[in-house]
Amino acid sequence: MLRLSMSTEEYLMIGDNIKLVFLGGTGNHLRIMVDAPRDVDIVRSSVLEKSNPELKKNGPKYYAHEENPGMYVPKKKGKNSSNL
């Protein structure tokens, strides 16, 4: 699995013909744009899990790595920034 930090409007290419563009977001929501050929099926996980409950129960689980919990927390600016 690949974990990336992306800036708004950066994109990933999957193969030669699928482009994922990161449009930004707020809180726990992220907006992406998928540019793919019409013959490529793109389905949300919630739709897949609704139609196949076994997938939700037995499918892959993704979770945050707890090894470095503060690693991706932005540093606060100001005179107390050295306390992080």
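## Some thoughts on the overall build of the chain
Next up, step 1: Helices and strands together make up the secondary structure of the chain, namely 2 helices and 3 strands.
Next up, step 2: Here the chain holds 84 residues, and the buried ones make up 7% of them.
Next up, step 3: Taking as baseline every contact in the chain between residues at least 6 positions apart, the subset at least 24 positions apart corresponds to 7%.
Next up, step 4: Only carbon and sulfur atoms are counted for the fraction: they give 52% of the accessible area of the chain, which is about 8,300 Å².

## Regarding the pairing of strand E1 (residues 11-14)
Next up, step 1: Bridge count for E1 against strand E2 (residues 18-26) is 4 bridges, and the pairing is antiparallel. Residue pairing in the sheet places Met-13 in a bridge with Lys-19 of E2.
Next up, step 2: Where E1 folds back onto E2 in an antiparallel hairpin, the turn is made up of 3 residues, including Gly-15, whose phi is positive at roughly 65°.

## Looking at a nonpolar patch on the surface
Next up, step 1: Where nonpolar side chains cluster on the molecular surface, the patch consists of Leu-30, Ile-32, Val-34 and Ile-42 and spans about 360 Å² of accessible area.
Next up, step 2: Inspection of the secondary structure puts Ile-32 in strand E3 (residues 29-35).
Next up, step 3: Exposure remark for Ile-32: the relative accessible area of 43% places this residue in the partly exposed category.

## Observations regarding the sheet that holds E1
Next up, step 1: Taking strand neighbours across the sheet as the criterion, the 3 strands line up as E1-E2-E3 in an open arrangement whose pairing is antiparallel. Looking at the sheet topology across the chains shown, the edges are occupied by E1 and E3. Looking at each pair of strands side by side, their axes are set apart by 25° on average, direction ignored.
Next up, step 2: As judged from the 7 bridges shared by E2 and E3, these two strands associate in the antiparallel manner. Directly across from Thr-26, in E3, lies its bridge partner His-29.

## Some thoughts on the confidence of the model for the chain
Detailed reading of the predicted coordinates is not advisable wherever pLDDT falls low.
Next up, step 1: For the chain, per-residue confidence averages 79 on the pLDDT scale, and 70% of positions sit at 70 or higher.
Next up, step 2: Here helix H2 (residues 53-58) stands out as the element of the chain with the lowest mean pLDDT, 78, in contrast to E1, whose mean of 94 is the highest.

Basis of the calculations
- Residues numbered from 1 in each chain as written.
- Predicted model: local features only at pLDDT ≥ 70, side-chain atom pairs only at ≥ 80, totals over all residues.
- Heavy atoms only, no water.
- Helix = DSSP H or I, 4+ residues; strand = E, 2+ residues; numbered from the N terminus.
- Buried < 20%, exposed > 50% of the residue type's maximum accessible area, 1.4 Å probe, protein only.
- Contact = heavy atoms within 4.5 Å.
- Areas by Shrake-Rupley, 256 points an atom, 1.4 Å probe, with all protein chains shown as cover.
- Pairing = 2+ DSSP bridges.
- Patch = residues over 30% accessible without salt bridge, like charges linked within 9 Å, V, L, I, M, F, W, Y side chains within 5 Å.
- Salt bridge = Lys/Arg side-chain N within 4 Å of Asp/Glu carboxyl O.
- Axes fitted to C-alpha atoms, helices over the stretch in contact; angles between N-to-C directions.
- pLDDT = per-residue confidence, 0-100.

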